[in-house]
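Observations on the model geometry
Chain by chain, the residues run as shown.
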Amino acid sequence: EATMLLADRAVTDVNTALTLAHLVGDGIVEAAVARDMTDRKGINEWLSDVLDRHRLLKQVGFALNPAVAPGRQRYGPYCKRMGGAIECGTLEEVDDGTYDYTQDVPETQWYHRTRRSGAGWSEPYFDPPTQANLAEFTAPLELATAMGTFGGTAFANYSLHTLTDMVKTADLGR
């Protein structure tokens, strides 16, 4: 019976962690809508704080619909955990400026799937910038734009390595 209780607790812990990613994603959406999207320093501090408070997350950020950021083709601030440090940047700087999440190609389905279908989890994938296998929760930013209400996509990424470690270290009473 003690083994069953420990196993139930381990399942609850993993479920709580996954629910947290969903709630963090939703929280990013709510907070992003209320922020000045052009305040890069403030956005970076806020995203860094989200990562600092939620140690199971690997990366958080959002990618705006170009209609939200006049004069900018793309604007996607993010922060990621690299080793023990948190690094912030923008998606338009990825791959020496060639990464374009507004193009509907396989590498950018996280943005376009969210635009078409709403919030949800991605299939796990390998993320070259963080060198990690990730599962990603995305949610739409609902903002009034010249093209409707789709303001962009918020994302919160879990490292599958972190989840694997959580399961491996769960006390199952062996």
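First, a word on what this report is: a plain description of the structure on this page. (Residues numbered from 1 in each chain as written. Predicted model: local features only at pLDDT ≥ 70, side-chain atom pairs only at ≥ 80, totals over all residues. Heavy atoms only, no water.)

In this section: the pairing of strand E1 (residues 57-64). Looking along a regular strand, one sees side chains alternate from face to face of the sheet. In terms of burial, E1 is largely enclosed, as 8 of its 8 residues are buried. Here E1 runs beside strand E2 (residues 77-82); their pairing, made up of 3 bridges, is antiparallel. Note that in E2 the partner of glycine 61 across the bridge is tyrosine 78. (Buried < 20%, exposed > 50% of the residue type's maximum accessible area, 1.4 Å probe, protein only. Helix = DSSP H or I, 4+ residues; strand = E, 2+ residues; numbered from the N terminus. Pairing = 2+ DSSP bridges.)

Right, let's talk about the packing of aromatic side chains for a bit. Counted under the stated rule, the structure contains 7 aromatic pairs. Relative to tryptophan 110, the ring of tyrosine 101 lies with its centre 6.1 Å away and its plane at 45°, an arrangement referred to as tilted. Note on accessibility: tyrosine 101 and tryptophan 110 belong to one class, buried. With 5.5 Å between their ring centres and 75° between their planes, tyrosine 111 and phenylalanine 150 make a pair best called edge-to-face. Of this pair, tyrosine 111 sits in helix H3 (residues 109-117) while phenylalanine 150 is found in strand E7 (residues 148-159), placing the two residues 39 residues apart along the sequence. Considered together, tyrosine 111 and phenylalanine 150 belong to a single accessibility category, that of buried residues. Taken together, Tyr101, Trp110, Tyr111, Phe150 and Phe155 form an aromatic cluster joined through their ring pairs. (Phe/Tyr/Trp six-rings, centres within 6.5 Å; stacked < 30°, edge-to-face > 60°.)

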